[in-house]
Amino acid sequence: MEFLRSLRQLWRHRYFRRLLAVRVATQSSDGVLQIALASYVLFSPERQPDAASIAAVLAITLLPFSILGPFVGVVLDRVARRQVLVVVDLLRAVLAVSLAALVATGLRTGGVETVFYGGVLLAMSLNRFLLAALSASLPHTIEPTEYMVANSVVPTVGPAGVLIGAGVGTALRLILGRVMPDYSANAILFVAAAAGYVLSASLALRIPRNQLGPDEPEPTRAGAVVAGLAAALAHLREHRPAGLGLLTIGGHRIIYGIFTVATILVYRNYFHTLEQVEPAIADLGLLVVITGAGFVFAAVVTPPMSARIGIRRWMISCLVGSAVFQVFPGAIYAKVPLGIAAFLLGVTAQNIKICVDTLVQAHVGDEFKGRVFVLYDMVFNLALVAAAVVGAAILPVNGVSVPILVVLAAGYLLVGALFAYASRGLAMNRGTESLRQIVPT
């Protein structure tokens, strides 16, 4: 109910509606692409994935953007963001079709896989760039007092789009896998993702070129990239709520990432044998749906809780809750308890993200938003890679380890304690004012 009230409040803004349509289309396509990638990498009947292989894939796909992120981030503060949305989605469509052509050959030689991962590298880097552009564009479609409301709706609709895309992609993969070779089924999924990216680009064209900012674009000059990055970091130091939010979500995502890698291994190598490809895809697809449902449910609880107890206390509560859910029911290695844990940890993870999104939107000047949101995505990428590397070092091949889950729970408590200490006395509720209009007190 609160989610619908929030959405109704924002729906009156024409360009918010159009930007939301772009987000839904592109992230639904992301869901299809992720299923295609997971099917190709993790569910080969000839290979058993382990934490090291997952870490290698994440490093290949995420680290390059983490290095280039600050440089492209300056682009978001100097080039019309509407144009970024259109061009990037069209480039991703081309890459998805190229990946489909490569997968359709059925070859898995070293050279083919090198080219494949190179294409994935570009596609995933462009994905993070696009999401940063969407986040930096949002304030140009709503009122300043509506940041928390928007950040409870938009980051929920986005994962809902991924959830829909993943569900459609999983169902399509299971159907196609029964009537054609695996590589042909995977290739069709990549083509479907490409079609979605073209649709997203066409939807972005309905927004005027300069509507999404930046407000005062500057010509790009030699040396502006490094200077822009330094200025953005200095801006975060001066605006502590936003900077502290980024550090906190980075720590949280490392822990959550290790649990995610462990869960993938449990579903692929513990619950199923190497030959049980289709059942493993079906079960892991269901887990993705359950986790996505947790992301969606977060939009229901975050606005009222943030309005009642404040962003700071709500983030601390979510970190403590994550510690509890990590051990119980997370340490029970059966499908139902793990599904419950995935839902609950998805709720707390998305609650924290909504709060951090709001801190960045409300405490960062528009002239820095593009660069800061790219830094935000860099934090995400580096945290996931760090999580996978740590997982490769400590996780068994089947992902089962109760002591590791207990250590992860302690990690959540440590992050919560550090955040509570560092955020004392900070005003962190800017951007939540409009919640009073929709949340009973």
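About the thresholds
Residues numbered from 1 in each chain as written. Predicted model: local features only at pLDDT ≥ 70, side-chain atom pairs only at ≥ 80, totals over all residues. Heavy atoms only, no water. Disulfide = S-S within 2.5 Å. Core = buried A, V, L, I, M, F, W, Y, C linked by side-chain atoms within 4.5 Å. Buried < 20%, exposed > 50% of the residue type's maximum accessible area, 1.4 Å probe, protein only. Contact = heavy atoms within 4.5 Å. Helix = DSSP H or I, 4+ residues; strand = E, 2+ residues; numbered from the N terminus. Polar contact = N/O pair within 3.5 Å; in protein donor to acceptor, adjacent residues only side chain to side chain. Phe/Tyr/Trp six-rings, centres within 6.5 Å; stacked < 30°, edge-to-face > 60°. Lys NZ or Arg CZ within 6 Å of the ring centre and 35° of its normal.

**Some points on the state of the cysteines**
Part 1 of the argument: Scanning the entire structure with this criterion turns up zero disulfides.
Part 2 of the argument: We note that Cys-318 lacks a disulfide partner, and the nearest cysteine sulfur, in Cys-355, lies 6.5 Å from it.

**What to know about the nonpolar core**
Part 1 of the argument: Judged by nonpolar contacts, the single largest core of 135 residues is most densely connected at Phe-16, Leu-85, Phe-116 and Val-360.
Part 2 of the argument: Here Val-360 is in contact with Ala-242, Leu-246, Lys-369, Val-372, Phe-373 and Tyr-376, once residues within four sequence places are set aside.

**Comments concerning the environment of Glu-146**
Part 1 of the argument: Assignment of secondary structure puts Glu-146 in the loop between helix 5 (110-137) and helix 6 (147-177).
Part 2 of the argument: Residues Glu-146 and Ser-6, spaced 140 residues apart in sequence, show a C-alpha to C-alpha distance of 9.3 Å.
Part 3 of the argument: Here Arg-12 takes part through its side chain, which lies 2.9 Å from a polar atom of the side chain of Glu-146.

**Let's talk about the packing of aromatic side chains**
Part 1 of the argument: As enumerated under the stated definition, the model contains nine aromatic pairs in all.
Part 2 of the argument: Where Tyr-40 meets Phe-116, the ring centres are 4.2 Å apart and the plane angle is 35°; that geometry is what we call tilted. Within this pair, whereas Tyr-40 is found in helix 2 (residues 14-42), its partner Phe-116 is found in helix 5, the two being separated by 76 residues in sequence.
Part 3 of the argument: Summarising the aromatic geometry, the rings of Tyr-270 and Phe-271 are spaced 5.4 Å apart at their centres and angled 50° between planes, so their arrangement reads as tilted.
Part 4 of the argument: Residue classification places Tyr-270 among the partly exposed residues on the basis of a relative accessible area of 40%.
Part 5 of the argument: Taken together, Tyr-40, Phe-116, Tyr-117 and Phe-190 form an aromatic cluster joined through their ring pairs.
Part 6 of the argument: The ring of Phe-271 has Lys-335 sitting right over it, with the charged end atom 5.8 Å from the ring centre.

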